Amino acid sequence: MAEYTKPLPVPSPETQPFWDACARRELTLPFCTACAQFFFYPRAFCPRCFGDAIEWRRCTGRGTLYTFAIQYRPQMIGFTPPYVTAIVQLEEGPRMMTTLVGVTPSPEAIRCDMPVEVTWEQASDEITLPLFRPAG
Ligand SMILES: [Zn+2]
């Protein structure tokens, strides 16, 4: 594996199940069994009812592009512009910040509400990142 030069997430007790699932290339979200709602980012308590009846459920990995920004200037070590930062509206409800890949980073090629799907980048032995690409 080529050396990964971008900053890596550091799992916390609340996010470790998310990263463990990503390592299996499964996108999961915390689900409140009291509200019957998914939420994201991971927390110990439901952001709606503050209950702790939380379980992890696998998601489809599909959604739509909620918004995006094409980054033309180097701002972070390891990121080579242009690249596309994005917020994806997941089918399950929550929105997730990510990077949009597999598309020309130009305003002509990307539009809000376009269907997207998860794809994976193994960054290290422990961390596999969920990225999104236009749905095939
Ligand atoms: Zn709840």
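Check the entry above for the structure.
Keep in mind the model is a prediction, meaning the values are calculated, not measured. (Residues numbered from 1 in each chain as written. Predicted model: local features only at pLDDT ≥ 70, side-chain atom pairs only at ≥ 80, totals over all residues.)

Draft legend 1. Main features of the overall build of the protein chain. From N to C terminus, the protein chain includes 1 helix and 8 strands. The C-alpha radius of gyration of the protein chain comes to 16 Å, within 12% of the 14 Å expected for a compact globule of 136 residues. Each principal axis of the C-alpha distribution contributes one length, and for the protein chain these read about 45 × 35 × 25 Å. A burial count over the protein chain gives 17% of its 136 residues as buried. (Helix = DSSP H or I, 4+ residues; strand = E, 2+ residues; numbered from the N terminus. Rg over C-alpha atoms; globule rule 2.2 N^0.38 Å. Buried ≥ 20, exposed ≤ 12 C-beta atoms within 10 Å, placed from the backbone.)

Draft legend 2. Region of the structure containing the nonpolar core. If you look at the biggest cluster of nonpolar residues, it comprises 13 residues, and the most contacted ones within it are Leu65, Phe68, Ala86, Val88, Leu100, Val116 and Phe132. Tallying contributions element by element places strand β5 (residues 83-90) first for this core, with 4 residues. When near neighbours in sequence (up to four residues on either side) are disregarded, Phe132 contacts Ala86, Val88, Thr98, Leu100, Val116, Glu117, Val118 and Thr119. (Core = buried A, V, L, I, M, F, W, Y, C linked by C-beta atoms within 7 Å. Contact = placed C-beta atoms within 7 Å.)

Draft legend 3. A look at unusual backbone geometry. Residue Tyr41 is bonded to the preceding Phe40 through a cis peptide linkage, with omega at 20°. By secondary structure assignment, the location of Tyr41 is in the loop between β2 (37-38) and β3 (54-58). With an omega of -5°, the peptide bond between Pro81 and Pro82 qualifies as cis. Following the sequence through the fold, Pro82 ends up in the loop between β4 (62-71) and β5. With a phi angle near 65°, Phe50 is a residue other than glycine that sits in the positive phi range. Mapping Phe50 onto the fold places it in the loop between β2 and β3. Residue classification places Phe50 among the exposed positions, given that 10 C-beta atoms sit within 10 Å.

Draft legend 4. Representation of the sheet that holds strand β1 (residues 28-32). Spatially, β2-β1-β3 is the arrangement adopted by the 3 strands of the open sheet, whose pairing is antiparallel. Each end of this open sheet is capped by a strand with a single partner; those strands are β2 and β3. Sheet topology places β1 next to β3; 5 bridges connect them, and they run antiparallel. By the bridge assignment for β3, Thr28 is matched with Arg58. (Pairing = 2+ DSSP bridges.)

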